[in-house]
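The chain contents come next:
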Amino acid sequence: QKILEVRDKYRDKLSLAKMYDAKNMLYLKDLVEAHEANDKAVMEAYGFSPRMSEEDIVAALFRLYEQKVAKLQN
């Protein structure tokens, strides 16, 4: 929800593409913080360690997906 609120704050000045442009992200600290908080909440929800690399996270998510698909096929 916080991400949507922050985006709304800038919608009259910046498109979504411009909000997420690397140069603009330097100045949109509230948007970065909202995403960081969201990332932390998702990591906690999945029981992932905050020290996991992006590669480890993707691998873990694919394992969860494969488990879900296998359950549906049985």
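The coordinates are above.
Being a predicted model, the structure only gives us computed values, none of them experimental.

Re the nonpolar core
And then number 1: Grouped together as the largest cluster of nonpolar side chains are seven residues: Ile3, Val6, Tyr10, Met19, Leu28, Leu31 and Ala34.
And then number 2: At the level of secondary structure, the elements contributing two or more residues to this core comprise helix H1 (2-10) and helix H4 (29-46).

Topic: the packing of aromatic side chains
And then number 1: Counted under the stated rule, the structure contains one aromatic pair.
And then number 2: Both rings, one in Tyr46 and one in Phe48, keep their centres 5.4 Å apart while their planes meet at 20°; by these two values the pair is stacked.
And then number 3: Its relative accessible area of 14% is what places Phe48 among the buried residues.

A word on the pattern of salt bridges
And then number 1: Within the structure shown, the criterion is met by three salt bridges.
And then number 2: For Arg11, the salt bridge goes to Asp8, with nearest N and O atoms at 2.3 Å.
And then number 3: Residue Asp8 is classed as partly exposed on the basis of its relative accessible area of 43%.
And then number 4: In this structure, the salt-bridge partner of Asp12 is Arg11, at a minimum N-O distance of 3.7 Å.
And then number 5: Assessed through its relative accessible area of 53%, Arg11 is described here as exposed.
And then number 6: Each member of the salt-bridge network shares a partner with another, and the members are Asp8, Arg11 and Asp12.

Reading the values: rules and limits
Per chain, residues are indexed from 1 in the order of the written sequence. Local features are withheld for residues below a pLDDT of 70 in this predicted model, meaning they are given only at 70 or higher, and side-chain atom pairs are given and counted only at 80 or more; totals for whole chains, interfaces and linings count all residues. Hydrogens and water molecules were not included; the side-chain quantities draw on all heavy atoms of the structure. Within this scheme, the nonpolar core is defined by two criteria: the residues are buried Ala, Val, Leu, Ile, Met, Phe, Trp, Tyr or Cys, and they are joined through side-chain atoms within 4.5 Å. Any residue under 20% of the maximum accessible area for its type is buried, any over 50% is exposed, and the rest in between are partly exposed; the area is computed with a 1.4 Å probe on protein chains only. In this description a helix means any DSSP run of H or I spanning at least four residues, a strand means any run of E spanning at least two, and both kinds are numbered starting from the N terminus. Between rings of Phe, Tyr and Trp, where Trp is taken as its six-membered ring, a pair exists when centres lie within 6.5 Å; planes separated by under 30 degrees are stacked, by over 60 edge-to-face, and by other angles tilted. Throughout this description, the term salt bridge denotes a Lys or Arg side-chain nitrogen within 4 Å of a carboxyl oxygen of Asp or Glu.

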